[in-house]
Amino acid sequence: MRLNESLVPSVHARRLKPTLSLVTEPVLHGEGPHWDTHKQVLLFVDISGQAVHRVNPATNKHSFVDLNDTVSFVIPIRGRTNQFVIGLGLSIQILTWDGVSSDYQLQAIDAVDHDKEGNRLNDAKADPSGVLWAGTMGEESPVGIVKPKQGSLHSWSNQECSLSSRVQEVSVSNGLAWSSDRKHLYYTDTATRKVDVFDYNGSTISNRRVVFDFEKHNIPGYPDGMTIDKQDNLWIACWGGSRVIQVDPRQNKLKRTITLPAERITSVTFGGAALDTLYVTSMRQGLNASQLLKQPLAGATFAIHNLPVTGTINNPVDLHCVK
């Protein structure tokens, strides 16, 4: 499948012909793709479907495990076999799962936003040192309408063995990525339609400012999940915009637009042995019959190949304080 791609003029870029393949059939709300470099498999979640998914591209084996609440992210734990950190409702839990069977175990280790009825955990990632950063969002009813400024961004401390709040009054916490020099954390509150950056020193964040504004660049939709390539350019999923964009945050510059056959693009990550495949999740929940007729692949996970970039690894979480 050939993609509709808009590129910044470049002889090299014009020669490339990105292609699209289908990784999985649609789920309700695909999110949080994570490429496990150790096992060479793709992990992602179906938030509303309450499931964690695992895909092995080498064998085309797709397995999943059903849980009992909204599951918002899944990240392997450093140094452990078949154990993952997940967001389950408002609880941070350790999921023990072999990646194949329907058997699993859960161990709750912390919870957040106790005073915010209707909130849930949303996007999360581990920084280059293995520190978990996890955000929340306000109640969403109906789909796409979120109670504003009810969420927050948290980070894990192995000294305290718990999460601490770092940013408050967030509507939809999303899109974490770290620069290669480890001096900057890129972050999105989806409702603002802006991508921000913090100065980052390995534990604290400061000096928040905007690096890319969807409104000013006439980008449809909202910034959702994102990742960063080896050139420190951001790749941003555009929820409601049917596209993924590549942005140079240092120059406030749109570099590339790739449109996809689903409107609600939710997140992206690089994977494959060479980190040269861009995996893209999407959402079908909340679409009406007419919309689904026009975009039957809404909710599918896609892979974009033949891009002239390579990505960065997804870090595992360091949870050495939890036994």
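Residues numbered from 1 in each chain as written. Predicted model: local features only at pLDDT ≥ 70, side-chain atom pairs only at ≥ 80, totals over all residues. Heavy atoms only, no water.

### Focus on the overall build of the protein
Stage number 1. Scanning the protein for helices and strands turns up two helices and 25 strands.
Stage number 2. Relative to the 2.2 N^0.38 estimate, which gives 20 Å for 323 residues, the radius of gyration of the protein is 18 Å and therefore close to what a compact globule would have.
Stage number 3. Taken along the three principal axes of its C-alpha coordinates, the protein extends 55 × 45 × 40 Å.
Stage number 4. Looking at the protein alone, contacts between residues at least 24 apart form 48% of all its contacts between residues at least 6 apart.
Stage number 5. Here the protein holds 32 positive side-chain charges and 32 negative ones, and the gap between their average locations is 8 Å. (Helix = DSSP H or I, 4+ residues; strand = E, 2+ residues; numbered from the N terminus. Rg over C-alpha atoms; globule rule 2.2 N^0.38 Å. Contact = heavy atoms within 4.5 Å. Lys, Arg positive; Asp, Glu negative; His and termini not counted. Charge placed at Lys NZ, Arg CZ, Asp CG, Glu CD.)

### Overview of the nonpolar core
Stage number 1. If you look at the biggest cluster of nonpolar residues, it comprises 19 residues, and the most contacted ones within it are Trp 235, Val 244, Leu 260, Leu 278, Val 280 and Ile 304.
Stage number 2. Counting 18 residues, the second-largest nonpolar core is a separate cluster that includes Phe 73, Ile 77, Val 112 and Leu 121. (Core = buried A, V, L, I, M, F, W, Y, C linked by side-chain atoms within 4.5 Å. Buried < 20%, exposed > 50% of the residue type's maximum accessible area, 1.4 Å probe, protein only.)

### So, empty space enclosed by the protein
Stage number 1. For the structure on display, the rule yields one cavity of 30 Å³ or more.
Stage number 2. Of the volumes computed, that of the largest cavity is approximately 40 Å³.
Stage number 3. Taken together, Asp 36, Lys 39, Val 41, Leu 43, Arg 54, Asn 82, Phe 84, Trp 97, Asp 98 and Gly 99 form the lining of the largest cavity.
Stage number 4. Here the lining of the largest cavity is built from residues that sort into four nonpolar, two polar and four charged. (1 Å grid on protein atoms, 1.4 Å probe; cavity = no way out; pocket = protein on both sides within 12 Å on 5 of 7 lines; lining within 4 Å. Points joined across faces, edges and corners; volume = space filled by probe spheres on them. Nonpolar A, V, L, I, M, F, W, Y, C, P; charged D, E, K, R; others polar.)

### Things to note about the pairing of strand 18 (residues 205–213)
Sheet faces and side chains relate simply in a regular strand, where the side chains alternate between the two faces.
Stage number 1. Across six bridges, the pairing between strand 17 (residues 194–200) and strand 18 is antiparallel. Opposite Asp 196, over in strand 18, you have Val 210 as the bridge partner.
Stage number 2. The loop that links strand 17 with its antiparallel partner strand 18 comprises four residues; one of these, Gly 202, has a positive phi angle of about 105°. (Pairing = 2+ DSSP bridges.)

### A word on the pattern of salt bridges
Stage number 1. Taken as a whole, this structure holds five salt bridges when the rule is applied.
Stage number 2. In this structure, Arg 193 engages Glu 215 in a salt bridge whose closest nitrogen and oxygen atoms are separated by 2.6 Å. Pair noted here: Arg 193 is in the loop between strand 16 (184–189) and strand 17 and Glu 215 is in the loop between strand 18 and strand 19 (222–228), with a separation of 22 residues, a long-range link.
Stage number 3. According to the relative accessible area criterion, Arg 193 is buried, its value standing at 17%.
Stage number 4. On the accessibility criterion, Glu 215 (57% relative accessible area) is exposed.
Stage number 5. The partner of Arg 250 in a salt bridge is Asp 248, and the shortest N-O contact between them spans 2.9 Å. (Salt bridge = Lys/Arg side-chain N within 4 Å of Asp/Glu carboxyl O.)

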